[in-house]
Amino acid sequence: EAGVTQFPSHSVIEKGQTVTLRCDPISGHDNLYWYRRVMGKEIKFLLHFVKESKQDESGMPNNRFLAERTGGTYSTLKVQPAELEDSGVYFCASSQQTGRTDTQYFGPGTRLTVL
Amino acid sequence: AQSVAQPEDQVNVAEGNPLTVKCTYSVSGNPYLFWYVQYPNRGLQFLLKYITGDNLVKGSYGFEAEFNKSQTSFHLKKPSALVSDSALYFCAGLTSGGSYIPTFGRGTSLIVHP
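This structure is a prediction, so every number in the text was calculated from the model and none was measured. (Residues numbered from 1 in each chain as written. Chains lettered and ligands numbered in written order. Predicted model: local features only at pLDDT ≥ 70, side-chain atom pairs only at ≥ 80, totals over all residues. Heavy atoms only, no water.)

1. A short note on unusual backbone geometry
- In this structure, the amide linkage connecting Phe7(A) to the following residue, Pro8(A), adopts the cis form with an omega of -5°.
- Relative to the helices and strands, Pro8(A) is located in the loop between strand S1 (5-7) and strand S2 (10-13).
- Phi angles above zero are rare outside glycine, and Lys51(A) is one such case at about 55°.
- Along the chain, the position of Lys51(A) falls in the loop between strand S5 (43-50) and strand S6 (53-56).
- A positive phi is found at Thr72(B), a non-glycine position, where the angle reads about 45°. (Helix = DSSP H or I, 4+ residues; strand = E, 2+ residues; numbered from the N terminus.)

2. Remarks on the state of the cysteines
All names here are of chain A.
- For the coordinates displayed, the defined rule picks out two disulfides over all chains.
- Sulfur-sulfur distance for the disulfide between cysteine 23 and cysteine 92 comes to 1.8 Å. Looking down the S-S bond of the cysteine 23 and cysteine 92 bridge, the torsion is -60°, so its handedness is left-handed. Here cysteine 23 is found in strand S3 (residues 19-24), whereas its partner cysteine 92 is found in strand S9 (residues 88-95), with 69 residues between them in sequence. (Disulfide = S-S within 2.5 Å.)

3. Thoughts on the packing of aromatic side chains
- Applying the stated criterion to the full structure yields 15 aromatic pairs over all chains.
- Ring geometry for Tyr50(B) against Phe74(B): centres 6.4 Å apart, planes inclined by 55°, an arrangement best described as tilted. Of this pair, Tyr50(B) sits in strand S6 (residues 44-50) while Phe74(B) sits in strand S9 (residues 73-78), and the two are 24 residues apart along the sequence. Each member of the pair, Tyr50(B) as well as Phe74(B), is classed as buried.
- Site record: aromatic cluster; members linked through ring pairs are Tyr33(A), Tyr35(A), Phe45(A), Phe91(A), Phe106(A), Tyr36(B), Phe46(B) and Phe104(B). (Phe/Tyr/Trp six-rings, centres within 6.5 Å; stacked < 30°, edge-to-face > 60°. Buried < 20%, exposed > 50% of the residue type's maximum accessible area, 1.4 Å probe, protein only.)

4. Overview of the environment of Pro61(A)
Residues and elements named next belong to chain A.
- Inspection of the secondary structure puts proline 61 in the loop between S6 and strand S7 (65-68).
- Accessibility expressed as a relative area gives 37% for proline 61, which makes it partly exposed.
- Sequence separation of proline 61 and arginine 37 is 24 residues, and the distance between their C-alpha atoms is 13 Å.
- Ignoring anything within four residues of it in the chain, the contact list for proline 61 reads Arg36 and Leu46. (Contact = heavy atoms within 4.5 Å.)

Bear in mind that shape data such as this cannot, by itself, settle questions of function.
If you want it as structure tokens, here you go:
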């Protein structure tokens, strides 16, 4: 069974540019989560999809971030325009159920560097 | 509110020695606690979780963790470290009555020396 995949693995862009990150969850997982880790800090929650619906987007930092999950399969996270403080590793995770005890399976992350 | 703390940024241990990576939590209800590991250039891999029951939880790759309610800790342990255990370890937790989104610690870099 394929795990969670993310693309690209690395992205280096200039301030003001746009970047789109993609996440493909484990097949059959309705729940998809985005997280971000800024260097040396905690992994912070960004948002949660259940199928194509946004269940919780309380962690999205501002309106420069737009997440979509059309069709309830893969998801994209767009940052437009990117700022220096957006640099970090963006993780995607998926789980079969929405529950506190359900294990979330993480992808390898996308390392975003904004210059 | 829930929080998870990993007091050590880095832990160094010699191969073959026991290792401990510390985690403490602060939650208002019954905690659910997790350990993840991130190997270089890889995603976070689930190691183990405590939901209820036995305080000693066994996980992948020979790791185990002990839930200690009185000390509000959930330290990760392994009896004999391997060089290949060198990685970044994250503790995460949430409360049974609160948000279903886990709170993560800052991560601890484990370095196992040959």
